[in-house]
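Chains, contacts and geometry: an overview
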Amino acid sequence: DLRKAMSQAGTSQFQEVIRQELEYSMKVELDKILATAPSNELGHTKKDLEGFKKLFHRFLQEKGPSVDWEKIQRPPEDSIQPYEKIKARGLPDNIASVLNKLVVVKLNGGLGTSMGCKGPKSLIGVRNENTFLDLTVQQIEHLNKSYNTDVPLVLMNSFNTDEDTKKILQKYSLSRVKIYTFNQSRYPRINKETLLPIAKDVSYSGENTECWYPPGHGDIYASFYNSGLLDNLIAEGKEYIFVSNIDNLGATVDLYILNHLMNPPNGKRCEFVMEVTNKTRADVKGGTLTQYENKLRLVEIAQVPKAHVDEFKSVSKFKIFNTNNLWIALSAIKRLQEKNAIDMEIIVNPKTLDGGLNVIQLETAVGAAIKSFENSLGINVPRSRFLPVKTTSDLLLVMSNLYSLNAGSLTMSEKREFPTVPLVKLGSSFTKVQDYLRRFESIPDMLELDHLTVSGDVTFGKNVSLKGTVIIIANHGDRIDIPAGALLENKIVSGNLRILDH
């Protein structure tokens with residue numbers, strides 16, 4: 001036993017030496033990169049690299065999944081409130097004064113590359129020529145006009161989206177919404193083998209674009225604070241931010257949740273509220289809220305030991321998942337940021353670059369900070385508050401007659417008998433937005449659709465109706481043209497169907 005203990009002590013000592021060497025090598029490389037920064041970029045580059053150094057230090061310290069499965073418990077009953085209970089409290093007469101304490105923050109760092117588009121994802125047209133950003137501005141403008149308030153919009157851009165977004169913001173100069181932006185950090189990607197940065201200097205254009213990355217939305221706390229915008233908004237009397245992904249079209253300002261935050265029934269304000277919703281079979285990988293060491297904690301699938309992944313995915317044990325719609329007290333962000341007390345698990349995201357080089361990027365998620373805040377709460381909201389558009393399959397849903405558009409907000413059509421969203425799976429021929437648009441002469445009637453699967457070379461004519469379960473499969477080399485005016489109800493269409501003009 002003594003020999004075993006000595007051998008273990010020797011191993012951990014050896015690992016410590018390796019860690020120190022890696023940190024020293026990283027410091028040397030980062031100093032070289034910083035030395036190439038022009039004077040006007042020196043300040044923020046230094047801040048970025050300091051932030052990255054801290055993250056890298058933690059990455060070397062922490063090994064393996066960061067949750068001890070045995071400590072995971074179901075959250076106490078009162079820690080996740082049903083939305084109906086919050087709504088039942090009604091609204092006070094002075095809702096405008098409550099709204100004036102709010103700031104809407106949209107996470108706008110992502111590109112539209114997964115849908116075959118160049119530039120920021122927020123500039124993709126999603127409904128009647130309106131982009132994600134258009135709809136967001138319309139929603140907040142409607143709020144400000146209806147209640148005579150001044151709710152500002154803040155966009156967290158990345159170095160990938162900042163320039164294009166700023167150009168487009170000019171078109172909203174006459175709208176009744178103050179729009180601010182700040183940039184999330186820019187971190188160097190590291191070589192998977194050497195654990196050193198692949199960047200040799202600070203430039204990030206041309207062949208250097210692949211050397212840098214925005215480190216996930218968990219970076220919001222430090223970047224918001226460092227930008228000075230956090231302090232400015234507090235000075236203006238703002239108290240809460242409502243944070244959500246710009247591609248979640250269900251994430252509109254909810255007055256009942258805001259009232260619950262500002263006028264809590266027990267007199268004790270929450271610093272952090274996470275909107276969760278019930279899992280369906282499509283959401284088994286979503287992060288879930290648990291009780292862990294007497295705190296609410298977000299657990300993501302990447303943190304779960306392999307032996308327990310199936311249990312984590314079980315809809316019966318973990319019934320809810322995080323929508324990434326979050327309400328956070330500004331004063332709490334400032335306090336925790338100044339104490340360096342925001343603790344988020346590191347997500348190690350492996351990537352293979354175009355040239356075949358394997359790199360890793362270290363990221364964090366905004367919701368993971370819930371355990372650092374006092375008096376946190378989950379609210380189980382209707383599914384309609386989670387309407388993300390990640391693929392063209394999602395795009396088909398939001399463009400269809402399933403939803404009506406009013407003042408920038410999408411609501412499920414009252415003509416649909418079931419409030420559930422149909423399951424839509426479009427094949428690889430539809431992945432890019434331009435291909436997808438080319439394949440639909442008009443968006444089909446989907447009011448009575450439950451399930452749609454389309455695979456292969458398929459096009460849709462005008463005024464097609466889809467009902468029940470519809471599966472359309474064009475075999476390789478075949479093509480299926482669904483004729484104009486066709487009604488497909490509980491049908492499987494396969495093989496080759498071409499309607500030719502005579």
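Cut-offs applied
Residues numbered from 1 in each chain as written. Predicted model: local features only at pLDDT ≥ 70, side-chain atom pairs only at ≥ 80, totals over all residues. Heavy atoms only, no water. UniProt positions renumbered as here; feature names shortened; annotations may be inferred. Helix = DSSP H or I, 4+ residues; strand = E, 2+ residues; numbered from the N terminus. Rg over C-alpha atoms; globule rule 2.2 N^0.38 Å. Buried < 20%, exposed > 50% of the residue type's maximum accessible area, 1.4 Å probe, protein only. Contact = heavy atoms within 4.5 Å. Lys, Arg positive; Asp, Glu negative; His and termini not counted. Charge placed at Lys NZ, Arg CZ, Asp CG, Glu CD. Core = buried A, V, L, I, M, F, W, Y, C linked by side-chain atoms within 4.5 Å. Domains from an automatic or database assignment. Arc of directions from axis to C-beta.

- The name given to the chain in an unreviewed UniProt entry is UTP--glucose-1-phosphate uridylyltransferase, with the source organism recorded as Nothocercus julius.
- Quoted straight from UniProt, the Subunit (unreviewed entry) entry for the chain says "Homooctamer."
- Under the UniProt heading Function (unreviewed entry), the entry covering the chain gives this text: "UTP--glucose-1-phosphate uridylyltransferase catalyzing the conversion of glucose-1-phosphate into UDP-glucose, a crucial precursor for the production of glycogen."

A word on the overall build of the chain
- Helix and strand content of the chain: 13 helices and 26 strands.
- In terms of overall dimensions, the chain is globule-like: its C-alpha atoms have a radius of gyration of 25 Å, near the 23 Å expected for 502 residues.
- Within the span of the chain, comprising 502 residues, buried residues form 49% of the whole.
- A separation of at least 24 residues holds for 71% of the contacts in the chain among residues at least 6 apart in sequence.
- Averaged over its 62 positive side-chain charges, the chain has a centre that lies 1 Å from the centre of its 59 negative ones.

Here we look at the nonpolar core
- Membership of the largest hydrophobic core comes to 107 residues, with the highest contact counts inside it found for Y221 and F460.
- The dominant element in this core, judged by the number of residues it contributes, is helix α5 (residues 132–147), at six residues.
- Mapping this core onto the domain boundaries places at least three of its residues in each of domain 1 (69–385) and domain 2 (392–494).
- Excluding anything up to four places from it in sequence, F460 contacts F430, R439, F440, E441, P444, V454, L466, I472 and I482.

Side note on helix α11 (residues 330–338)
- Residues of α11 that are buried include every one of L330, A332, I333, L336 and Q337, and no others. Down the axis of α11, the buried set is contained in an arc of 160°. They therefore lie on one face.
- Just past α11, the residue N340 takes up positive phi, approximately 55°.

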